[in-house]
Amino acid sequence: MAHWDEGTDELVVRARGGDGDAWARLVDRHSGLLWSIARSHGLDDADSGDVVQTTWLRLVERIDGLRDPGATACWLATTARNESLRLVRRRARDLPLVPAPRAPEPEPERVVLDRERVGRVGAALDALPRRCRTLLRLFALAPSQAELAAALGIPVGSVGPTRARCLDALRRLVP
């Protein structure tokens, strides 16, 4: 019988052997991060779903060749990042020459007071460099710094200092 605190490496070994429960647990454990990585690249729900599905398909295709089952979460994050970038590049080639019209701004009367602060933080987050925006959005979903580093394509030792710099910049921008 499986333990709740079973590690990813144990789940991967079981999934290699065809254990459906292990696959389901891997998907439950890591899908949120994969969705977050795809969304951080500006993909909509449909494209993000394609990235997540493709990432899981790549794992199915390559699970027997993984040398370190414990690094599967990092492998998944890297694969999702690469698939997202591939899709973003493909979408950029397919863009129409005329940009789509922007949606109108919501009426000021509809803005609720308790959302005002969220709006200021969101605006400040948008003003940050893309790398900081992505790091801060993924940080809440990444179970470990190694997975976050893999998703961002940076060394693990850079995650903490980079996060601190990004949070300081965000604090300076929030009025």
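Because the structure is predicted, anything quoted here is derived from the model rather than measured.

Turning to the overall build of the chain, a few remarks are in order. The number of helices and strands found in the chain is 8 helices and 0 strands. Secondary structure of the chain in N-to-C order comes out as α-α-α-α-α-α-α-α. In the chain, buried positions account for 36% of the 175 residues. Counting contacts in the chain only where the partners sit at least 6 residues apart, residues at least 24 apart contribute 59% of the total.

Turning our eyes to something else, we now look at the nonpolar core. The biggest cluster of nonpolar side chains holds 39 residues, and the ones touching the most others in it are Ile37, Trp56, Leu128, Leu136 and Leu170. In terms of residue count, helix 2 (residues 20-40) provides more of this core than any other element does, 6 residues in total. Those residues in contact with Trp56, other than ones at most four positions away along the chain, are Leu26, Val27, His30, Ser31, Leu34 and Leu76.

All right, on to the side chain of Asp47 then. Note that Asp47 resides in helix 3 (residues 45-62). Residues contacting Asp47, with those up to four places away along its chain left out, are Leu87 and Arg91.

Counted by the stated rule, this structure contains 0 aromatic pairs. One Lys or Arg, Arg163, reaches over the ring of Phe139 and ends 4.0 Å from the middle of that ring.

Below, the discussion takes up the state of the cysteines. Scanning all chains against the criterion turns up 1 disulfide. A disulfide bridge connects Cys132 with Cys166, and the sulfur atoms are separated by 2.1 Å. Between Cys132 and Cys166, the S-S dihedral sits near -75°, and the bridge is therefore left-handed. Of the two residues, Cys132 is situated in helix 6 (residues 130-139) and Cys166 in helix 8 (residues 156-173); the sequence distance between them amounts to 34 residues.

Here we take up the packing of helix 6 against helix 7 (residues 145-152). Between helix 6 and helix 7, whose axes approach to 11 Å, the crossing angle comes to 145°. For helix 6 against helix 7, the interelement crossing comes out right-handed. Every residue of helix 7 that contacts helix 6 at Thr134, Leu135, Leu138 and Phe139 is listed here: Leu148, Ala151 and Leu152. Classifying every residue of the contact of helix 6 with helix 7 gives 6 nonpolar, 1 polar and no charged.

What follows deals with helix 6. For helix 6, the set of buried residues is Cys132, Thr134, Leu135, Leu136 and Leu138. Packed against the buried residues of helix 6 are helix 2, helix 5 (116-127), helix 7 and helix 8.

For any two helices packed against each other, one specifies the crossing angle of their axes together with the interaxial distance. Viewed as axis vectors pointing N to C, helix 2 and helix 3 meet at an angle of 135°, and their least axial separation amounts to 9 Å. Looking at the two axes, helix 2 sits oblique to helix 3. Every pair of crossing elements has a handedness; the one defined by helix 2 and helix 3 is right-handed. Residues Trp23, Leu26, Val27, His30, Ser31, Leu34, Trp35, Ala38 and Arg39 of helix 2 lie in contact with helix 3, whose contacting residues are Asp45, Ser48, Gly49, Val51, Val52, Thr55, Trp56, Leu59 and Val60.

Our focus in this paragraph is the confidence of the model for the chain. Residues shown with low pLDDT carry predicted positions that ought not to be read at fine detail. Here the chain shows a mean pLDDT of 83. Residues at 70 or above account for 85%. Across the chain, element-level confidence peaks in helix 3 with a mean pLDDT of 92 and bottoms out in helix 5 with 79. The model gives residues 1-5 a pLDDT under 50, and that stretch makes 6 contacts with residues more than four places away or in other chains.

Definitions and cut-offs
- Residues numbered from 1 in each chain as written.
- Predicted model: local features only at pLDDT ≥ 70, side-chain atom pairs only at ≥ 80, totals over all residues.
- Heavy atoms only, no water.
- Helix = DSSP H or I, 4+ residues; strand = E, 2+ residues; numbered from the N terminus.
- Buried < 20%, exposed > 50% of the residue type's maximum accessible area, 1.4 Å probe, protein only.
- Contact = heavy atoms within 4.5 Å.
- Core = buried A, V, L, I, M, F, W, Y, C linked by side-chain atoms within 4.5 Å.
- Phe/Tyr/Trp six-rings, centres within 6.5 Å; stacked < 30°, edge-to-face > 60°.
- Lys NZ or Arg CZ within 6 Å of the ring centre and 35° of its normal.
- Disulfide = S-S within 2.5 Å.
- Axes fitted to C-alpha atoms, helices over the stretch in contact; angles between N-to-C directions.
- Left-handed = near helix turned anticlockwise from the far one by under 90°.
- Nonpolar A, V, L, I, M, F, W, Y, C, P; charged D, E, K, R; others polar.
- Parallel < 35°, antiparallel > 145°, perpendicular 65-115°, else oblique.
- pLDDT = per-residue confidence, 0-100.

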